[in-house]
Amino acid sequence: MEEGYTSLPTSHLLGSVPAAVAEENTKGAAGESSSANLQIFPPANGGYQAPGSPYGGDDQAASSWRGVCSISSYSPYFNVDTDIVVGRLTSSVYPMNDFTRKIDGNPDLYGPIWISTTLVFMLAALGNCATYLMHKRNEPDTTWTFDVTFVNWAACIIYGYALAVPVAFYFLLQYFGCNASLIRLWCMWGYSLFIFVPSALLLIAPVEIFRWIIIILAGAASSWFVALNLKSYTEGSDLMVLIVSALLLQFVLALFIKIFFFV
Amino acid sequence: MSHGDTIPLHPSSQSDIDEIENLMNAGPATVLPAGPPSPPRASIPVSSSPFLPSNLPPPPPSVPAAAAYHKAPTSAAPPAAETSRGGIAADGFGSLPNTLTEPVWDTIKRDLSRVVSNLKLVVFPNPYREDPGKALRDWDLWGPFFFIVFLGLTLSWSASVKKSEVFAVAFAVLAAGAIILTLNVLLLGGHIIFFQSLSLLGYCLFPLDIGAVICMLKDNVIIKIIVVSVTLAWSSWAAYPFMSAAVNPGRKALALYPVFLMYISVGFLIIAID
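Just so we're clear, the structure is a prediction, and the values are computed from it rather than from any experiment. (Residues numbered from 1 in each chain as written. Chains lettered and ligands numbered in written order. Predicted model: local features only at pLDDT ≥ 70, side-chain atom pairs only at ≥ 80, totals over all residues. Heavy atoms only, no water.)

1. Details of the confidence of the model for chain A
Scored by pLDDT, chain A comes out at a mean of 76, with 74% of its residues at no less than 70. The model gives residues 1–61 of chain A a pLDDT under 50, and that stretch makes 51 contacts with residues more than four places away or in other chains. (pLDDT = per-residue confidence, 0-100. Contact = heavy atoms within 4.5 Å.)

2. Some remarks on the packing of helix 9 (residues 142–158) of chain B against helix 11 (residues 194–203) of chain B
All names here are of chain B. Between helix 9 and helix 11, the shortest axis-to-axis distance is 8 Å and the interhelical angle comes to 40°. In terms of axis orientation, helix 9 runs oblique to helix 11. For the pair helix 9 and helix 11, the sense of crossing is left-handed. Across the interface between the two elements, Gly143, Pro144 and Phe147 from helix 9 touch Leu198, Ser199, Gly202 and Tyr203 from helix 11. Of the residues assigned to the contact of helix 9 with helix 11, the class counts are four nonpolar, three polar and no charged. (Axes fitted to C-alpha atoms, helices over the stretch in contact; angles between N-to-C directions. Helix = DSSP H or I, 4+ residues; strand = E, 2+ residues; numbered from the N terminus. Parallel < 35°, antiparallel > 145°, perpendicular 65-115°, else oblique. Left-handed = near helix turned anticlockwise from the far one by under 90°. Nonpolar A, V, L, I, M, F, W, Y, C, P; charged D, E, K, R; others polar.)

3. A word on unusual backbone geometry
All names here are of chain B. The backbone phi angle of lysine 162 is positive, close to 55°, even though this residue is not glycine. Of note, lysine 162 is situated in the loop between helix 9 and helix 10 (163–187). What makes lysine 162 partly exposed here is its relative accessible area of 40%. (Buried < 20%, exposed > 50% of the residue type's maximum accessible area, 1.4 Å probe, protein only.)

4. Considerations on the interface of chain A and chain B
Contact with chain A, which involves 24 residues of that partner, is made by 28 residues of chain B. Inspection of the region where chain A meets chain B yields two salt bridges. A salt bridge links aspartate 81 of chain A to arginine 251 of chain B, with the nearest nitrogen and oxygen atoms 2.7 Å apart. For the pair chain A and chain B, the interface holds nine residue pairs in polar contact (both at pLDDT 80 or more). With seven residues, the top contributor of residues to the side of chain A that touches chain B is helix 5 (residues 110–138) of chain A. For the side of chain A that touches chain B, the residue count by class is 15 nonpolar, seven polar and two charged. (Salt bridge = Lys/Arg side-chain N within 4 Å of Asp/Glu carboxyl O. Polar contact = N/O pair within 3.5 Å; in protein donor to acceptor, adjacent residues only side chain to side chain.)

5. Remarks on the UniProt feature "transmembrane region" (unreviewed entry) in chain A
All names here are of chain A. Within the UniProt annotation, "transmembrane region" (unreviewed entry) is assigned to residues 109–134, 150–173, 185–203, 209–227 and 239–261. Within the segment residues 150–173, helix and strand shares are 100% and 0% respectively, and the terminal C-alpha atoms sit 34 Å apart. With 96% helix and 0% strand, the stretch residues 239–261 has end C-alpha atoms that lie 33 Å from each other. (UniProt positions renumbered as here; feature names shortened; annotations may be inferred.)

What follows is the structure, given as structure tokens:
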């Protein structure tokens, strides 16, 4: 599945942040073009050389920044097909220990981004429905009101969690001497949020005890998934504190979703 | 005289031979066989008409006509060629220098007509939908801008509380959504032109605009749900061929899912806000 992207082998990605990868890649390209400079000179097309052609050499300092801004330097993280994504989603629901093997070598960012976006929409929409149903059950003459601030809150919480927690764990793992990859951590945490999407559908039911059971089950499965993958990822090093704190954080997120959006 | 030679030949070479033959025969008729090249060429349509009955019927009328059409700009002799050249200039190249001095109303009218024609190409059924790159070759961003702002305004009008926040959320979701969806297709390795895709996604909001207006006028939940489902299906149908053609078949679902997610969330906003 990587034939189209041989210019950026994923073996280089492990243990590096995307900006550094892009920089490294474009430096490699710049080195190639400078070596090609020697071979091609004089230009093969009859001596004519357009101003601003890649042989110029003046723009090589800026090319590293262009690598950060260009889309093609991020497309390796979206190098997935439909069946791969579906396979990862199913293995994120069943907490068996083959998710780490599945994302090995090809961690994607497509799943985390769109799972988070789906979850934001689900929380904003279904949270409103659930609140309305709960109020209607207690006092039948409640009118429907749509609280648009749910969208803002859901976006801040879900995007913030999916973005910031893996970064924090990346730095902690680096601090404890464990060679971690930020992309893999993002991928893992993003897929761990998927189980909240179907459970948000069940959370509409206006029975309080049912809701609590659902969210505790979903939170337990999700935090177990995170802990299991983090454990298999940091194999060999004794980082039980980090794993337990990740598990607790995920469970707190589940409780927060229940308490804040499904009142 | 040379009919036996010309008949078995291929039609394309036949037409050339006819032209040469006409030239040879036209020489004595126009009394200028060795003159400058333009007068004999200009006289081809005139001189070829006597030869029509004696020659093969189908090719000669078209060939001299085409020759006169092509050579008309170089030889400005016959009045018929002059009128045809004037027609070309009027609709092809003549309007460009005039845009600086034309009335503002004409500019607006031209932009509006372009928005309407793009809308017809994207949202309504037509033969060009199978090749969407052709359909939106003349893309613009005025239409998407109007549709996004109109949808945001309709939603904020129909909201009873927090009108400005509703507008802000709707506008942010629609505008950022179009950009993010395009980036998503690009990142999945699709071949797509950035602003063309923005333009198309904006035009696909038109059915939802209609649905929002109907929902603002009718205050009934059942009617709202039906109207929004219909317009949602219409919007998705309009966006489907473009988005699915841009990526390879294994990733079609990955490119289409975010589009449907955005339209469903907009449809939910339309239903939910009263």
